[in-house]
Amino acid sequence: GRGEPSQPVRIDRQTLVELRSEEVYVVDLRKFSSLLPIRFYRSMIPEVAIAVCGTCGHFFHQETWELEFLQNKCCPYCGGKDIDGATPLSVANAAKPAAGGSTKTSL
């Protein structure tokens, strides 16, 4: 049979701050709309390098991202050229609440 669909794990701010920052990726959806949240994702397999497009927030294996970017000079998903956002961000800084932000975070 088929298992239950996976659900995001919700943790509080203190637990988020206690995670290793190298394993947490931040996607700030507020750049699309002030009504959207900041999302935090934890790498469940830290040995696998991950890149996050700074424009669209899609995740890629680091090797795939680098190959695509070297060949096409842009994100393979959205065409964005923001490579500065393709690394984990500091959880301590990113965990600061936005105006009207929630104390719970998707991870």
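Scroll up a little and you will see the structure.
Below is a short write-up of the structure.

Observations concerning the overall build of the chain
The helix and strand inventory of the chain stands at 3 helices and 6 strands. Starting at the N terminus and walking to the C terminus, you meet the elements of the chain as β-α-β-β-β-β-α-α-β. In the chain, buried positions account for 27% of the 107 residues. Considering only contacts in the chain between residues 6 or more positions apart, those separated by 24 or more positions represent 48%. Counting only carbon and sulfur atoms, one obtains 55% of the accessible surface of the chain, whose full area is about 7400 Å².

A closer look at the side chain of S43
You can see S43 is positioned in the loop between β3 (38–42) and β4 (50–52). When its relative accessible area of 6% is taken as the criterion, S43 is described as buried.

Re unusual backbone geometry
A positive phi is found at K73, a non-glycine position, where the angle reads about 60 degrees. Summarising the element assignment, K73 is placed in the loop between α2 (62–72) and α3 (91–94).

Description of the state of the cysteines
A complete count under the given rule lists 0 disulfides for this structure. Unpaired in terms of disulfides, C53 finds its nearest cysteine sulfur in C75, a separation of 3.7 Å. C78 provides the cysteine sulfur closest to C56, a residue in no disulfide bond, and the two sulfurs are 3.7 Å apart.

A look at the pattern of salt bridges
Tallied over the full model, the rule gives 4 salt bridges. Between R20 and E22 there is a salt bridge, with the nearest N and O atoms lying 2.8 Å from each other.

Things to note about the pairing of strand β2 (residues 24–28)
Moving residue by residue along a regular strand, the side chains alternate between the two faces of the sheet. Of all 5 residues in β2, 4 are buried; the element is thus mostly enclosed. Relative to β3, β2 is paired through 5 bridges, and the arrangement is antiparallel. Considered in β3, the bridge of Y25 is made with Y41.

Quick look at the packing of aromatic side chains
Tallied over the entire structure, the rule returns 4 aromatic pairs. Taking 5.1 Å as the distance between ring centres and 75 degrees as the angle between the ring planes, the aromatic pair formed by Y41 and F59 counts as edge-to-face. With Y41 in strand β3 and F59 in strand β5 (residues 59–61), this residue pair connects regions lying 18 residues apart in the sequence. Y41 gets classed as partly exposed once you look at its relative accessible area, which sits at 32%.

Section: the nonpolar core
Core analysis: the largest hydrophobic core is formed by 7 residues, namely A51, C53, C56, F60, W65, F69 and C75. In this structure, V24, V26, I38 and F40 belong to the second largest nonpolar core, which totals 6 residues.

Rules of the game
Residues numbered from 1 in each chain as written. Predicted model: local features only at pLDDT ≥ 70, side-chain atom pairs only at ≥ 80, totals over all residues. Heavy atoms only, no water. Helix = DSSP H or I, 4+ residues; strand = E, 2+ residues; numbered from the N terminus. Buried < 20%, exposed > 50% of the residue type's maximum accessible area, 1.4 Å probe, protein only. Contact = heavy atoms within 4.5 Å. Areas by Shrake-Rupley, 256 points an atom, 1.4 Å probe, with all protein chains shown as cover. Disulfide = S-S within 2.5 Å. Salt bridge = Lys/Arg side-chain N within 4 Å of Asp/Glu carboxyl O. Pairing = 2+ DSSP bridges. Phe/Tyr/Trp six-rings, centres within 6.5 Å; stacked < 30°, edge-to-face > 60°. Core = buried A, V, L, I, M, F, W, Y, C linked by side-chain atoms within 4.5 Å.

Purely geometric numbers; function is a separate question.
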